[in-house]
Amino acid sequence: MDSISANLRYWLVEHPLVSEFEWKENETWGASPQFLLTIVLTYLSLTLILSLALLSPKSTAKPPSTSTPLRLISTLHNLILVLLSLLMAVGCTLSTISQMPNLRWIFCFPPNQTPPRGPVFFWAYVFYFSKILEFVDTLLIILSKDTRRLSFLHVYHHAVVLVMCYLWLHTVQSLVSVALVTNCAVHTLMYAYYMMCAIGKRPRWKRIVTDCQIVQFVFSFGVSGVMLWFHFSGGGGCSGIWGWIFNAVFNASLLGLFTSFHTKNYAGKKKD
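Conventions and cut-offs
Residues numbered from 1 in each chain as written. Predicted model: local features only at pLDDT ≥ 70, side-chain atom pairs only at ≥ 80, totals over all residues. Heavy atoms only, no water. Helix = DSSP H or I, 4+ residues; strand = E, 2+ residues; numbered from the N terminus. Buried < 20%, exposed > 50% of the residue type's maximum accessible area, 1.4 Å probe, protein only. Contact = heavy atoms within 4.5 Å. Areas by Shrake-Rupley, 256 points an atom, 1.4 Å probe, with all protein chains shown as cover. Polar contact = N/O pair within 3.5 Å; in protein donor to acceptor, adjacent residues only side chain to side chain. 1 Å grid on protein atoms, 1.4 Å probe; cavity = no way out; pocket = protein on both sides within 12 Å on 5 of 7 lines; lining within 4 Å. Points joined across faces, edges and corners; volume = space filled by probe spheres on them. Nonpolar A, V, L, I, M, F, W, Y, C, P; charged D, E, K, R; others polar. Disulfide = S-S within 2.5 Å. Salt bridge = Lys/Arg side-chain N within 4 Å of Asp/Glu carboxyl O. Core = buried A, V, L, I, M, F, W, Y, C linked by side-chain atoms within 4.5 Å. Patch = residues over 30% accessible without salt bridge, like charges linked within 9 Å, V, L, I, M, F, W, Y side chains within 5 Å. Axes fitted to C-alpha atoms, helices over the stretch in contact; angles between N-to-C directions. Parallel < 35°, antiparallel > 145°, perpendicular 65-115°, else oblique. UniProt positions renumbered as here; feature names shortened; annotations may be inferred. Lys, Arg positive; Asp, Glu negative; His and termini not counted. Charge placed at Lys NZ, Arg CZ, Asp CG, Glu CD.

### Some details on the overall build of the protein
Then comes step 1: Of the regular secondary structure elements, the protein holds 12 helices and 0 strands.
Then comes step 2: Reading the secondary structure of the protein in the N-to-C direction produces α-α-α-α-α-α-α-α-α-α-α-α.
Then comes step 3: Projected onto its principal axes, the C-alpha positions of the protein cover 60 × 40 × 40 Å.
Then comes step 4: With 272 residues in all, the protein has 46% of them scored as buried.
Then comes step 5: In the protein, of all internal contacts separated by at least 6 residues, the share reaching a separation of at least 24 is 80%.
Then comes step 6: About 14400 Å² of surface is accessible on the protein, with carbon and sulfur atoms providing 68% of the total.

Structure follows, in structure tokens:
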């Protein structure tokens, strides 16, 4: 057990690629507004073009596609995201324990004293690129012609969350480790559900996934209260407050959309 723990710590925290990582604006690959804008606009453009081309009224009148190749690709994609989400959650947890000088650091990075360097920011960087990988979700939905899942909530979430992740690193945003671990924990459960659906074994706990997402947003506001208390109680404030404001507004909008989705789908229905 000790050897497993030591190996995990080495590969996820102490390896030079992880421990020596540093986000340098316009130098680190992907660390520029131009890169971010290009990726987001490309995603939105391709989503619109493919939707118009493949989701015509005639094609959507047929049941969603369940072809074997598409199922295999979807299963593999979701499996990769399950494992990656779990890896990021564990890696960032161990990195936070290793990198934090005190408990306050988890909630409030000292401004001008916390460069985006070290294992926690490495996992934030991996998380940033994992959101680009998640764009494949939209492609699979369009190819399956399942118009029920191609909602405004889906596209809005995928596009804006990438901007949020960029701001985490760009502004050295406080609470980044808390946000990353909780998000990855929920996504591990969510993509496990999608993977089971892809292989034809639809679990009965779909509602639990939505509930966990709502709890995640409520939790984020709770820990944000702790961060704000540190920020305004003296000591120079907390790093990345403008990034946090964007994050808070985005989470509030998602909470509203998820709550609406939850109400429409589960109100008056018998609990699982």
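### Some points on the environment of Ser-51
Then comes step 1: Tracing the backbone shows Ser-51 in helix α3 (residues 33-54).
Then comes step 2: Ser-51 gets classed as buried once you look at its relative accessible area, which sits at 15%.
Then comes step 3: C-alpha of Ser-51 to C-alpha of Ser-130: the two residues are 79 residues apart in sequence and 23 Å apart in space.
Then comes step 4: Among the polar contacts listed, one links the side chain of Ser-51 to the backbone oxygen of Thr-47, at a separation of 2.5 Å.

### A short note on the layout of surface pockets
Then comes step 1: In this structure, the second largest pocket encloses a volume near 200 Å³.
Then comes step 2: The wall of the second largest pocket is formed by Ile-39, Thr-42, Tyr-43, Leu-46, Thr-47, Leu-50, Ile-132, Phe-135, Val-136, Thr-138, Leu-139 and Ile-142.
Then comes step 3: Grouping the amino acids of the lining of the second largest pocket by side-chain chemistry returns 9 nonpolar, 3 polar and no charged.

### What to know about the state of the cysteines
Here, the word disulfide means a covalent bond between the sulfur atoms of two cysteines.
Then comes step 1: The full count for this structure, using the stated rule, is 1 disulfide.
Then comes step 2: Paired through a disulfide, Cys-108 and Cys-238 show a sulfur-sulfur distance of 2.0 Å. Handedness here is read from the sign of the S-S torsion; for Cys-108 and Cys-238, about -110°, the answer is left-handed. Here Cys-108 is found in the loop between α6 (104-107) and α7 (119-133), whereas its partner Cys-238 is found in the loop between α11 (206-232) and α12 (241-266), with 130 residues between them in sequence.

### A word on the pattern of salt bridges
Any two side chains of opposite charge can pair, so long as their charged atoms come close to each other.
Then comes step 1: One pass over the structure, following the stated rule, counts 4 salt bridges.
Then comes step 2: For Arg-117, the salt bridge identified is with Glu-22, shortest N-O distance 3.4 Å. Here Arg-117 is found in the loop between α6 and α7, whereas its partner Glu-22 is found in the loop between α2 (16-19) and α3, with 95 residues between them in sequence.
Then comes step 3: What makes Arg-117 partly exposed here is its relative accessible area of 41%.

### A few points about the nonpolar core
Then comes step 1: In terms of nonpolar packing, the biggest core is built from 51 residues, with Trp-23, Trp-123, Tyr-128 and Leu-180 touching the most fellow members.
Then comes step 2: In terms of residues, this core owes the most to one element, helix α9 (residues 152-170), which gives 12 residues.
Then comes step 3: Among all residues touching Leu-180, those that are not within four sequence positions of it are Met-88, Cys-92, Trp-123, Ala-124, Phe-127 and Trp-168.
Then comes step 4: Ile-106, Val-223, Phe-230 and Trp-244 belong to the second-largest nonpolar core, a separate cluster that totals 12 residues.

### Considering the environment of Leu-103
Then comes step 1: Residue position: Leu-103 is located in the loop between α5 (68-99) and α6.
Then comes step 2: Of the residues examined, Leu-103 reaches a relative accessible area of 59% and is grouped as exposed.
Then comes step 3: Between the C-alpha atoms of Leu-103 and Leu-228, which are 125 residues apart in sequence, the distance is 15 Å.

### Quick look at a nonpolar patch on the surface
Then comes step 1: A contiguous nonpolar patch, built from Leu-76, Leu-79, Ile-80, Leu-83 and Leu-133 and spanning about 420 Å² of accessible area, is present on the exposed surface.
Then comes step 2: Examining the composition of the nonpolar patch, we find that 4 residues originate from one element, α5, more than from any other.
Then comes step 3: A relative accessible area of 52% means that Leu-83 is categorised as exposed.

### Brief notes about the packing of helix α10 (residues 176-198) against α11
Then comes step 1: Between α10 and α11, the shortest axis-to-axis distance is 9 Å and the interhelical angle comes to 175°. Relative to α11, the element α10 lies roughly antiparallel. Contact residues: α10 offers Val-178, Thr-182, Asn-183, Val-186, Leu-189, Met-190 and Tyr-193, while α11 offers Lys-206, Ile-208, Val-209, Cys-212, Gln-213, Gln-216, Phe-219 and Val-223.
Then comes step 2: Taken together, the residues that form the contact of α10 with α11 break down as 10 nonpolar, 4 polar and 1 charged.

### Some points on the UniProt feature "transmembrane region" (unreviewed entry) in the protein
Then comes step 1: UniProt annotation of "transmembrane region" (unreviewed entry) refers to residues 35-55, 76-100, 120-143, 150-169, 175-196, 208-229 and 241-261 when read in the numbering used here.
Then comes step 2: Annotated as 96% helix and 0% strand, the span residues 76-100 places its first and last C-alpha atoms 35 Å apart.
Then comes step 3: With 95% helix and 0% strand, residues 175-196 has its two end C-alpha atoms placed 32 Å apart.

### Structural notes on a positive patch on the surface
Then comes step 1: A contiguous patch of positive charge, built from Arg-71, Arg-149, Arg-202 and Lys-206, is present on the exposed surface.
Then comes step 2: Topologically, Arg-149 is positioned in the loop between α8 (136-144) and α9.

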